[in-house]
Amino acid sequence: MSTTRLIQTFQELVQIDSESYAEGPFQQELMKRFRVLGLTILEDATKEQTGLGANNFIARLDGDPSIEPVFFSSHMDTVSPGRDIRPQEQDGREDRCKQNEQRLNYLHLRFT
């Protein structure tokens, strides 16, 4: 993966509001991107039970059945502030998020 593509993807995703109980749009974007890559999406119906902003889902990519599978797990929601994030790229990396500087300090991603 190229550094340019990695930064662009990060910039696109971090701008989607995703605070707890409002992570639905982020979930929809992730599922769309996984489908474009050819993954199968299995989504549960726990949103109604949990009161959260999205269901859980599994994105599956079929592979070689003779190789042990790998499973990754992560959260789709973020803590506050997770709305109106607007990253700025400086010197080829993400250095600052300008939105609400009192609450957002510096966000540093180092690419080597």
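Structure: above.
Thresholds applied
- Residues numbered from 1 in each chain as written.
- Predicted model: local features only at pLDDT ≥ 70, side-chain atom pairs only at ≥ 80, totals over all residues.
- Heavy atoms only, no water.
- 1 Å grid on protein atoms, 1.4 Å probe; cavity = no way out; pocket = protein on both sides within 12 Å on 5 of 7 lines; lining within 4 Å.
- Points joined across faces, edges and corners; volume = space filled by probe spheres on them.
- Nonpolar A, V, L, I, M, F, W, Y, C, P; charged D, E, K, R; others polar.
- Helix = DSSP H or I, 4+ residues; strand = E, 2+ residues; numbered from the N terminus.
- Buried < 20%, exposed > 50% of the residue type's maximum accessible area, 1.4 Å probe, protein only.
- Contact = heavy atoms within 4.5 Å.

Caption draft 1: Seen up close, the layout of surface pockets. Here the largest pocket is characterised by a volume of approximately 1,100 Å³. Lining the largest pocket are 31 residues, and of these Phe57, Ile58, Ala59, Phe71 and Phe72 lie nearest its centre. Of the residues belonging to the lining of the largest pocket, the class tally is 17 nonpolar, 8 polar and 6 charged.

Caption draft 2: Structural view of the environment of Phe26. Structurally, Phe26 is set in helix α2 (residues 24–36). A relative accessible area of 12% places Phe26 in the buried class. Remark: the alpha-carbon pair of Phe26 and Gly53, spanning 27 residues in sequence, is separated by 9.7 Å. Apart from residues lying up to four places away in sequence, Phe26 is in contact with Leu13, Ile16, Asp17, Ser18 and Met76.

Caption draft 3: Inspection of unusual backbone geometry at higher detail. That bond from Ser80 to Pro81 is cis: its omega, 5 degrees, falls within 30 degrees of zero. Relative to the assigned elements, Pro81 resides in the loop between β2 (57–60) and β3 (87–90). Notably, Tyr21 is not glycine yet its phi reads approximately 75 degrees, a positive angle. One can find Tyr21 in the loop between α1 (3–14) and α2. Although it is not a glycine, Asp84 adopts a positive phi angle of roughly 55 degrees. Turning to its location among the elements, Asp84 is positioned in the loop between β2 and β3.

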